[in-house]
Amino acid sequence: MVETAKFSTKLVQKNQLTRDVIELRFEKPAGCTYQAGQFMQWIIPKDGKNVLRAYSLSSCPIDKTLNFCVKILPNGTASKIAKNLKVGDSLEMQGPRGRFVCNEAKPTQFVATGVGLAPIIGIIRDELESKFNTEKISLIFGVRHKEDLFWTDLLDELKSKFTNFDYHVTLSRPEETDWVGLHGRVTDHIQKNTSSQYFLCGSPNMVTEVKNILQEQSQDPKDIHFEIF
Ligand SMILES: Cc1cc2nc3c(=O)[nH]c(=O)nc-3n(C[C@H](O)[C@H](O)[C@H](O)COP(=O)(O)OP(=O)(O)OC[C@H]3O[C@@H](n4cnc5c(N)ncnc54)[C@H](O)[C@@H]3O)c2cc1C
C-alpha cells in the first residue's frame, strides 16, 4: 500500500476498554502493509466536506485486523463517529503514515499516558512477537485513576512470556485505597540510561517534560522518539 492509499473498511469488533476509551477493530484490506507505531487518517464527512483525524494503529503487522484505541472526547467529531459506529459499518481511511517506528534493537524504554499506549503496544508486541528482540524493553504507563487502566491483562501476558519485558503503571490521582503500584506522574519514574532509546506517546505536556528530563541527562536526541496526541 502506498503512503496515501485510501480505502474503506468494515468494523468487525468493538470493545469498551474504560468509561471513555474504546477499541475498534477493522478488516485489514488485502495488500495493506504498515509498520507498528504508524497511524491512519480517518476520513470523516462533515458539513459537506471531509475532515481528517489521525489514529495510531494499536495492532501490529502480523494481526489480521487494523486496531485502534480511541478516547471519546465530548462533542469531538471523530469521537462521535467512533462511539456510534456499529459492527458491520464502514469507515474510510488513508495511510499508513508516521515515523514513530522502531528500527533499532537496543534497550528501550516506552513511556505512555492514556491512549498514548495505542502505538506503543503495537511496537512492543512487534518487537517481542515478530522481531524476537531480546534487549531489555520496559514500559511506564500513566493514567489518572485505576479505572482508567486498560490492556493490563495483555501487558501481564507479555511480561510472563518475555523475560526481557517489564512494565509499571503509575496513577497520578489514585483514590483507590487498595492501589499498591506506583504513584505520581510518569515523569517521576523515568529510568535514566543513556544507552537506551526512548519512545514517548501522550499529551504535549508529558512529551515535552520527559524530553526535557532526557535532554538534561545528555540523552542523544536521535534516541528520543515521540508522538504527540
Ligand atoms: C499522530 C496522531 C495519532 C493519534 N492517535 C490517537 C489515538 O490512537 N487515539 C486517540 O484517541 N487519539 C489519537 N489522536 C488524536 C486524534 O487525532 C484526535 O485529535 C482526537 O481524537 C480528537 O478528535 P475528535 O474529532 O474526536 O475531536 P475534535 O472535533 O477535534 O475536538 C476536540 C475537542 O475539542 C472540543 N471542541 C471542538 N470544537 C470546539 C469548539 N468550537 N469550541 C470548544 N471546544 C471544541 C471537542 O468537544 C473535543 O473535546 C492522535 C493524534 C495524532 C496527531
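## Brief notes about the layout of surface pockets
Next up, step 1: In this model, the largest pocket occupies a volume close to 1,200 Å³.
Next up, step 2: Taken together, 42 residues form the lining of the largest pocket, with Lys-71, Thr-113, Gly-114, Val-115 and Ser-203 sitting closest to its centre.
Next up, step 3: Tallying contributions element by element places strand S4 (residues 49-56) first for the lining of the largest pocket, with 4 residues.
Next up, step 4: Residues that form the lining of the largest pocket fall into these classes: 17 nonpolar, 16 polar and 9 charged.
Next up, step 5: Reported here for the second largest pocket is a volume of approximately 170 Å³.
Next up, step 6: Around the second largest pocket, the lining is made up of 13 residues, and of these Glu-23, Arg-25, Asn-67, Arg-125 and Leu-154 lie nearest the centre.

## A short note on the nonpolar core
Next up, step 1: The biggest cluster of nonpolar side chains holds 33 residues, and the ones touching the most others in it are Leu-117, Ile-120, Ile-124, Leu-139, Phe-141 and Phe-165.
Next up, step 2: Looking at this core, the elements that each hand over two or more residues are strand S7 (108-113), helix H2 (117-130), strand S8 (137-143), helix H3 (152-161), strand S9 (165-171) and strand S11 (197-202).
Next up, step 3: For this core, the element with the highest residue contribution is H2, accounting for 7 residues.
Next up, step 4: If we ignore the near neighbours within four places in the chain, the residues touching Ile-124 are Phe-110, Ile-137, Leu-139, Leu-158 and Phe-165.

## Let's talk about the environment of Lys-192
Next up, step 1: Within the secondary structure, Lys-192 is located in the loop between strand S10 (182-183) and S11.
Next up, step 2: Sequence spacing of Lys-192 and Gln-217 is 25 residues, and the spatial spacing of their C-alpha atoms is 7.5 Å.
Next up, step 3: Aside from chain neighbours lying at most four places away, what touches Lys-192 is Tyr-198, Ile-213 and Gln-217.

## What to know about the site of the ligand
Next up, step 1: As a matter of local geometry, the ligand sits amid 20 residues, with Arg-53, Ala-54, Tyr-55, Pro-74 and Ser-79 nearest to it.
Next up, step 2: Here Cys-69 contributes a backbone N or O atom positioned 2.8 Å from a nitrogen atom of the ligand.
Next up, step 3: Ala-78 has a polar backbone atom sitting 2.7 Å from an oxygen atom of the ligand.
Next up, step 4: Here the ligand, which alone exposes 970 Å², has 61% of that area covered by the protein.
Next up, step 5: When atoms are counted within 2 Å of each cavity's grid points, the one that captures over half of the ligand is the largest pocket.
Next up, step 6: Those elements that provide at least two residues to the shell around the ligand are S4, strand S5 (65-71), helix H1 (77-84) and strand S12 (224-228).
Next up, step 7: The greatest single-element share of the shell around the ligand, amounting to 4 residues, is contributed by S4.
Next up, step 8: The residue inventory of the shell around the ligand, partitioned by class, reads 12 nonpolar, 5 polar and 3 charged.

Cut-offs and rules
- Counting from 1, residues in each chain are numbered in the order their sequence is written.
- With the structure being a predicted model, the display of local features is reserved for residues of pLDDT at least 70 and the display and counting of side-chain atom pairs for 80 or more, all residues being used for whole-chain, interface and lining totals.
- Only hydrogens and water are removed before side-chain values are computed, so all heavy atoms of the structure are retained for them.
- Using only the protein atoms, space was sampled on a 1 Å grid; points where a 1.4 Å probe fits but cannot get out form cavities, open sets with protein on both sides within 12 Å along at least five of seven lines form pockets, and lining residues are those with an atom within 4 Å of a point.
- Grid points are joined across faces, edges and corners, and a volume is the space filled by probe spheres set on the points.
- In this text, helices come from DSSP runs of H or I with a minimum length of four residues, and strands from runs of E with a minimum of two, each type numbered from the N-terminal end.
- Residue classes follow a fixed rule: Ala, Val, Leu, Ile, Met, Phe, Trp, Tyr, Cys and Pro count as nonpolar, while Asp, Glu, Lys and Arg count as charged, and any other residue, Gly among them, counts as polar.
- We call a set of buried residues a nonpolar core when its members are Ala, Val, Leu, Ile, Met, Phe, Trp, Tyr or Cys and they connect through side-chain atoms within 4.5 Å of each other.
- In this scheme, a residue with accessible area under 20% of its type's maximum is buried, one over 50% is exposed, and one in between is partly exposed, where area comes from a 1.4 Å probe on protein chains only.
- In this description, contact between two residues means that some pair of their heavy atoms is separated by no more than 4.5 Å.
- What makes a residue near a molecule or strand is one non-hydrogen atom of that residue sitting within 4 Å of it.
- Within 3.5 Å is the distance limit for a polar contact, defined as a pair of N or O atoms, with the added protein rule that one can donate a hydrogen and the other accept it, and that residues adjacent in sequence qualify only through two side-chain atoms.
- A 1.4 Å probe and the Shrake-Rupley method give the accessible areas. Residues count as covered only by the protein chains that appear here.
- Just a note on the criterion: a molecule sits in a pocket or cavity if more than half of its atoms are within 2 Å of the grid points.

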